[in-house]
Amino acid sequence: THTHTHIRHTTHNTTTHTFPLLLEMQRAPALVSTLWLRGLEQTGRLASVVLLDGSYHMPALKRNAREEYNQRHIPTAQFFDIDAVADRNTRLPHMLPSTAEFQAEMRRLGVRNSDHVVVYDCSDFGIFSAPRVWWTMRVFGHDAVSVLDGGMAKWLAEKGSTSSDAVSRPASDYVVKERRDWLVKSEDDVRANISRKLFTLMDARSLGRFQGKDPEPRPGLSSGSVPGSVSTPFTAFLDPATKTMLPKDKLVEVFANAGVDVSRPSAASCGSGLTACIPALAAFVVDQEHPVAVYDGSWTEWAANPANPIHKAA
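Residues numbered from 1 in each chain as written. Predicted model: local features only at pLDDT ≥ 70, side-chain atom pairs only at ≥ 80, totals over all residues. Heavy atoms only, no water.

Focus: the overall build of the protein
Argument step 1. The helix and strand tally for the protein stands at ten helices and ten strands.
Argument step 2. The C-alpha radius of gyration computed for the protein amounts to 19 Å, which stays within 12% of the reference 20 Å derived for 314 residues, consistent with globular compactness.
Argument step 3. In terms of overall dimensions, the protein has a C-alpha envelope of 55 × 40 × 35 Å along the principal axes.
Argument step 4. Out of the 314 residues in the protein, the part that is buried amounts to 54%.
Argument step 5. Considering only contacts in the protein between residues 6 or more positions apart, those separated by 24 or more positions represent 77%.
Argument step 6. Surface summary for the protein: the accessible area is close to 13,900 Å², and the carbon and sulfur share equals 53%.
Argument step 7. Placing the 34 positive and 34 negative side-chain charges of the protein at their respective mean positions leaves the two points 2 Å apart. (Helix = DSSP H or I, 4+ residues; strand = E, 2+ residues; numbered from the N terminus. Rg over C-alpha atoms; globule rule 2.2 N^0.38 Å. Buried < 20%, exposed > 50% of the residue type's maximum accessible area, 1.4 Å probe, protein only. Contact = heavy atoms within 4.5 Å. Areas by Shrake-Rupley, 256 points an atom, 1.4 Å probe, with all protein chains shown as cover. Lys, Arg positive; Asp, Glu negative; His and termini not counted. Charge placed at Lys NZ, Arg CZ, Asp CG, Glu CD.)

As structure tokens, then:
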């Protein structure tokens, strides 16, 4: 298995699985390994990070993420409900919550501003919805957040321990200090960009849906793409064998093959704003200085508006 080079910016030797507790560090690595997390567990330091199960499953899979969490989770993990911690005043699924709603959820979960948050999900891909929680935390100014590379799939493959115990931390006095609107794109931003070309829009859906050849999973929505956008299926960033994100040099190749320069302004879209966060996370692994924004409404919003142009491959 490969070692992620982007964890090596610490002064520690990665073979000891140590990582500084991020009380004074504002920024965490995009990814942490199962090896590192097991090292914390074996030395009795799991409580030094806040673990969140950010699982979400597409309705067609008929999996209940919260029930699965109740039955089995990584010890100390709490459940972050992507559908519940969301804007309830829209018909669009799991849109960003208000600042007040996010802050209230952080307090309820006992997350402190100084905590290093590690998010995983239980999808068969290894990484699916956890990056959405990672991105949400960063929108609200929390940089000490990482995704568990390979997620529960890799943790279980390596015989990692699990628990069905109820988990709670003492409520915190978390305060959201900023909301980074530059990490979020709106329908208007995307529409204006068709002619203005201020940023590259990546689309994380499958190539078939992007080309308009395969149907959308949401009934009544046309498939196709935003004119001028580029196809970057989220699966292209993942290693199907290890369930982890590809190593940095391979991620660079994926972006290059799609014609995306992540040092230039970029944004990502998908079906409903979840898997768009995977190319955003991959871009952060490659270049932390030029974060990729996410079109929150994504295709569910775009294709539902008959005024929006839709491109289909010939």
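Quick notes on the pairing of strand β7 (residues 200-203)
Consecutive side chains along a regular strand alternate between the two faces of the sheet.
Argument step 1. In terms of strand pairing, β7 meets strand β9 (residues 266-269) through four bridges, oriented parallel. Bridge assignment links threonine 200 to a residue of β9, and that residue is serine 266.
Argument step 2. Bridge count between β7 and strand β8 (residues 230-231): two bridges; the pairing is parallel. Within β8, the position partnered with methionine 202 by the bridge is valine 230. (Pairing = 2+ DSSP bridges.)

What to know about unusual backbone geometry
Argument step 1. One non-glycine residue, lysine 159, adopts positive backbone phi at about 60°.
Argument step 2. Tracing the sequence through the fold places lysine 159 in the loop between α5 (151-157) and β6 (184-185).
Argument step 3. A residue is classified by how much of its surface remains accessible, and lysine 159, at 72% relative accessible area, is exposed.
Argument step 4. Non-glycine residue lysine 243 carries a positive phi angle of around 70°.
Argument step 5. By the element assignment, lysine 243 lies in the loop between β8 and α8 (248-257).

As for the environment of lysine 185
Argument step 1. Turning to its location among the elements, lysine 185 is positioned in strand β6.
Argument step 2. Taking the C-alpha atoms as reference points, lysine 185 and serine 55, separated by 130 residues in sequence, lie 23 Å from one another.
Argument step 3. For lysine 185, the residues in contact, after removing those within four places along its chain, are Val190, Phe199, Ala267, Ala293, Val294, Tyr295 and Asp296.

Considering the sheet that holds β7
Argument step 1. Ordered in space as β6-β10-β9-β7-β8, the five strands form an open sheet in which the pairing is parallel. Each having just a single partner strand, β6 and β8 make up the two edges of the open sheet.
Argument step 2. Of the pairings in the sheet, the one linking β9 to strand β10 (residues 293-295) comprises two bridges and is parallel in character. When the bridges of β10 are listed, alanine 267 appears paired with alanine 293.

Notes on the nonpolar core
Argument step 1. Counting residues in hydrophobic clusters, the biggest one holds 58 residues, and the most contacted among them are Trp135, Met245 and Phe255.
Argument step 2. Those elements that provide at least two residues to this core are β2 (50-53), α3 (99-109), β4 (117-120), α4 (130-139), β5 (145-148), α8 and α9 (277-286).
Argument step 3. With nine residues, the single largest contributor to this core is α9.
Argument step 4. By size, the runner-up hydrophobic cluster in this structure holds 18 residues, among which are Trp36, Phe79, Val118 and Leu148. (Core = buried A, V, L, I, M, F, W, Y, C linked by side-chain atoms within 4.5 Å.)

Considerations on the packing of α8 against α9
Each pair of packed helices can be described by the angle between their axes along with the distance between the axes.
Argument step 1. At a closest axis distance of 9 Å, the pairing of α8 and α9 adopts a crossing angle of 120°. Taken together, the axis directions place α8 and α9 in an arrangement best described as oblique. Helix-helix and strand crossings are classified by hand; for α8 and α9 the assignment is left-handed. Between α8 and α9, the residues in contact are Lys248, Leu251, Val252 and Phe255 and Pro279, Ala282, Ala283, Val285 and Val286, respectively.
Argument step 2. Looking at the contact of α8 with α9 residue by residue, the class counts come to eight nonpolar, no polar and one charged. (Axes fitted to C-alpha atoms, helices over the stretch in contact; angles between N-to-C directions. Parallel < 35°, antiparallel > 145°, perpendicular 65-115°, else oblique. Left-handed = near helix turned anticlockwise from the far one by under 90°. Nonpolar A, V, L, I, M, F, W, Y, C, P; charged D, E, K, R; others polar.)

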